[in-house]
Amino acid sequence: MQRVRYLKSGWQLLKSSCEGAAKQANTPSSASRCYSHASSSFGLLFDIDGVLVRGKTPIPAAKQCFKNLVDRSGKYKVPVVFVTNAGNCMRQTKAEHLSHLLEVEVSPDQVMLSHSPLRMFTQFHKMRVLVSGQGPVEEVAHNLGFQDVVTIDVLREAYPVLDVVDHNRRPKDVVPPTKGLRPIDAVVLFGEPIRWETNLQLIVDVLLTGGNPGSTWSSAHYPHIPVLACNMDLLWMAEAWNPRFGHGMFLVCLESLYKKVTGYELKYEALIGKPSVVTYNYAELLIRQQAERLGWNTPVKRVYAIGDNPMADIYGANLYNRYLQSSRHTKAQMQAQSAGGSIDPSAVDDTPKMTSAELGGASGVVERDLPEGCSSILVCTGVYSKDQQELLSDPTKTVTEQRIFHGHRDFRFDPSLTQPSFVVHDVKEAVELVFKQEGWPLQ
C-alpha cells in the first residue's frame with residue numbers, strides 16, 4: 001500500500017507538470033485548431049528500433065509516413081509519442097536524433113524512454129542508488145529525480161579488488177587501499193552495460209552484502225535491497241540480419257547468477273519499460289498532453305501502438321488494453337453500487353488478474369478518464385519477420401510448453417497477448433491502416 005501511495009503522488013506530480021506544459025504551449029494560434037473529428041479521437045505510439053530505424057539507418061517507409069503525419073506548417077495532425085525501451089541517453093538527445101532521421105520536428109515531450117516512469121518512484125529519489133548501464137547514466141539518474149547516485153565505475157574505484165575477471169584490470173604489484181563508500185540503498189538497472197562481467201560481479205556483491213560491498217557475503221541479507229530494472233527486451237533489431245542481445249539478456253544473467261549463488265530468486269521492486277502497464281499509462285499521459293497542445297477538446301478514445309517485437313510491443317499493448325477493459329468494468333461496477341444498484345453477476349470481469357510485475361505499480365494509481373482501448377499493430381521490418389516466424393493461428397489451443405517464451409521471468413506466458421490486432425508490412429502501412437480505421441483523410 002505504501003508503494004501505491006508513493007506512485008499515486010508521483011502520478012499527480014507528473015500530471016500537474018504535463019498540464020502546466022500543455023497550458024503554456026496552448027497559445028491562441030494552437031488553441032484555435034479545435035478538434036474537428038469529435039466522434040473519432042486517437043493517438044499513436046511508435047516503437048523506434050525495428051519500426052522507424054535499424055541501428056542508425058532509417059527504414060525507408062518511415063520518412064514518407066511522417067511527412068503524411070504533419071501538415072504544411074509541420075504540426076502533427078494527431079498526438080504522436082515515441083515509446084522505446086532504449087535508455088542510454090537523454091530525451092533531448094533522442095528527440096534530436098529522430099528529428100534528423102525523420103525530417104520532422106520531434107520534441108522531447110514526445111519521447112518516452114524505458115526509464116521515464118521512474119520519475120514517479122519518488123520514494124527512492126533520496127536514497128543512495130547504484131546505477132548500471134552505459135552512456136550518461138549519472139546524468140539520466142539525476143534528471144529523473146535521484147539525488148544520491150553512485151556509478152559502477154565509482155564503486156569499482158572505491159573497492160579496487162572486486163573486479164578481477166579481466167586480468168589486465170587487476171591491481172598491479174601493490175594493491176591500492178579500499179576507499180569505501182556509504183552503504184548503497186537500492187540498485188537501478190537502466191540498460192545493458194559494456195562490461196557485463198564487471199557489472200554482474202559488483203551488483204551481486206552489493207546485493208549479498210546489504211549495500212556494503214566491502215563486507216562479507218551473507219544470506220541474512222535476503223530479501224535484498226530494492227532493485228529497479230528498465231528495459232526487459234531479450235532481443236532487439238539493429239543492422240545485423242539477426243536480433244541482438246538486449247538488457248533482458250543481462251537480467252537473465254543476473255537472475256541466474258544470484259539464484260545459483262544464494263538459492264533464492266532475485267526480486268524486483270519494479271520492472272519498467274514495455275510491456276509493463278505503468279509504461280503505457282505514462283505514454284497515454286503524454287498522448288493526452290499532445291492532444292491538449294493540438295487544441296483538442298475531447299479525450300483520446302483509442303490508442304494505437306505500432307511495434308516490431310511480439311513479446312514487448314504487442315504483448316505490452318494488449319496487456320494495456322486488458323487493463324483498460326478491466327478498469328472500465330471496475331468503474332462501471334462502482335458507479336452502479338454508488339447509485340444504489342446491485343452488481344450484475346453476468347457482468348463479472350473474468351479476465352485474468354495481472355501480476356504486480358505486469359502492472360509495474362499502475363494498480364490503484366490512475367484516476368483520470370482512460371482511453372476506451374488500445375490496438376496493437378505488428379510490422380515486419382524488425383524483430384518479427386513473416387519469413388522466420390509464424391503467428392499462432394489459434395492461441396487458445398496451443399501447447400504453451402512447446403513455445404519459446406522471450407518475455408521476462410516475472411511475466412506470464414499468455415499466447416493470446418502476443419497476437420496483434422493487425423499485421424502490416426511497415427510503419428507507413430500501419431499509419432494508413434489507422435487513419436482508414438478512424439475515417440480520417442491522411443493526405
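Residues numbered from 1 in each chain as written. Predicted model: local features only at pLDDT ≥ 70, side-chain atom pairs only at ≥ 80, totals over all residues. Heavy atoms only, no water.

**Let's talk about the packing of helix α7 (residues 196-208) against helix α8 (residues 247-262)**
The N-to-C vectors of α7 and α8 enclose an angle of 45°; their axes lie 10 Å apart at closest approach. The angle between α7 and α8 falls in the class oblique. Crossing angle aside, the handedness with which α7 passes α8 is right-handed. Contact residues: α7 offers Trp196, Asn199, Leu200, Ile203, Val204, Leu207 and Leu208, while α8 offers Met249, Phe250, Cys253, Leu254, Leu257, Tyr258, Val261 and Thr262. Along the lines of polarity and charge, the residues of the contact of α7 with α8 split into 13 nonpolar, two polar and no charged. (Axes fitted to C-alpha atoms, helices over the stretch in contact; angles between N-to-C directions. Helix = DSSP H or I, 4+ residues; strand = E, 2+ residues; numbered from the N terminus. Parallel < 35°, antiparallel > 145°, perpendicular 65-115°, else oblique. Left-handed = near helix turned anticlockwise from the far one by under 90°. Contact = heavy atoms within 4.5 Å. Nonpolar A, V, L, I, M, F, W, Y, C, P; charged D, E, K, R; others polar.)

**Quick notes on the sheet that holds strand β14 (residues 373-379)**
Across the sheet, six strands lie side by side as β5-β4-β1-β13-β14-β15; this open sheet has parallel pairing. Two strands close off the open sheet at either side, each with one partner strand: β5 (111-112) and β15 (422-424). Packed onto the sheet, helix α12 (residues 427-438) meets β1 (42-46), β13 (302-307), β14 and β15 and runs at close to 165° relative to β13. (Pairing = 2+ DSSP bridges.)

**Re unusual backbone geometry**
Along the chain, Tyr222 connects to Pro223 via a cis peptide bond; the corresponding omega equals 0°. Structurally, Pro223 can be placed in the loop between α7 and β9 (227-230). Cis peptide bonds are those with omega within 30 degrees of zero, and the linkage from Lys274 to Pro275 qualifies with 15°. Note on placement: Pro275 falls in the loop between β12 (270-272) and α9 (277-293). Unlike most non-glycine residues, Glu103 shows phi in positive territory, near 60°. Tracing the backbone shows Glu103 in the loop between α4 (91-102) and β5.

**Describing the confidence of the model for the protein chain**
Across the protein chain, pLDDT averages 86, with 82% of residues at or above 70. Predicted confidence for residues 397-402 stays below pLDDT 50, and this span has four contacts to residues more than four positions away or in other chains. (pLDDT = per-residue confidence, 0-100.)

**Comments concerning the side chain of Asn199**
As for its placement among the helices and strands, Asn199 is situated in helix α7. Judged by its relative accessible area of 5%, Asn199 is buried. Ignoring sequence-local partners within four residues, the contact set of Asn199 consists of Ser132, Gly133, Ile152, Pro193 and Phe250. (Buried < 20%, exposed > 50% of the residue type's maximum accessible area, 1.4 Å probe, protein only.)

**Section: the sheet that holds strand β7 (residues 148-151)**
Read across the open sheet, the five strands follow the order β7-β6-β8-β9-β12; overall the sheet is parallel. Each edge of the sheet is formed by a strand with only one pairing partner; in this case those strands are β7 and β12. Within this sheet the neighbouring strands show an average axis-to-axis angle of 20°, counted without direction. Relative to β9, strand β8 (residues 186-189) runs parallel, the two being bridged by three bridges. The residue bridging Leu189 from the neighbouring strand is Ala229, located in β9.

**Digging into the nonpolar core**
Residues Phe46, Leu52, Phe66, Leu69, Phe82, Leu118 and Phe190 are the most contacted members of the largest nonpolar core, which totals 116 residues. Of the residues forming this core, the biggest block, eight residues, is contributed by α9. If you count residues domain by domain, this core takes at least three from each of domain 1 (42-116 + 275-335 + 356-390 + 403-438) and domain 2 (120-271). Ignoring sequence-local partners within four residues, the contact set of Phe66 consists of Phe46, Leu52, Tyr76, Val80, Phe82, Leu102 and Val104. (Core = buried A, V, L, I, M, F, W, Y, C linked by side-chain atoms within 4.5 Å. Domains from an automatic or database assignment.)

**Let's talk about the environment of Lys77**
With respect to the helices, strands and loops of the structure, Lys77 is situated in the loop between α3 (60-69) and β4 (80-83). The residues touching Lys77, leaving out its near neighbours within four places in the chain, are Asn68, Leu69, Val70, Asp71, Leu294, Trp296, Trp440, Leu442 and Gln443. Within the local environment of Lys77, its side chain forms a polar contact with the backbone oxygen of Asn68, the two atoms lying 2.8 Å apart. A distance of 2.5 Å separates the side chain of Lys77 from the backbone oxygen of Leu442, its partner in a polar contact. (Polar contact = N/O pair within 3.5 Å; in protein donor to acceptor, adjacent residues only side chain to side chain.)

**Here we look at α4**
Here α4 contains 12 residues, and its C-alpha end-to-end distance of 16 Å stays within 8% of the 16 Å for a straight helix at 1.5 Å per residue. Those residues of α4 that fall on the buried side of the exposure criterion are Arg91, Lys94, Ala95, Leu98, Leu101 and Leu102. The buried residues of α4 all sit within an arc of 130° when viewed along its axis, so they share a single face. At the C-terminal side of α4, Glu103 shows a positive phi close to 60°. (Expected span 1.5 Å × (residues − 1). Arc of directions from axis to C-beta.)

**Description of the pairing of β4**
Residues Val80 and Phe82 point to one face of β4 and Val81 and Val83 to the other, with burial holding for every one of them. One ladder, built from three bridges, connects β1 with β4; its direction is parallel. Counterpart to Leu45 in the pairing with β4 is Val81. For the segment spanning β4, α4 and β5, crossover handedness is right-handed. (Right-handed = clockwise from strand over helix to strand, strands pointing away.)

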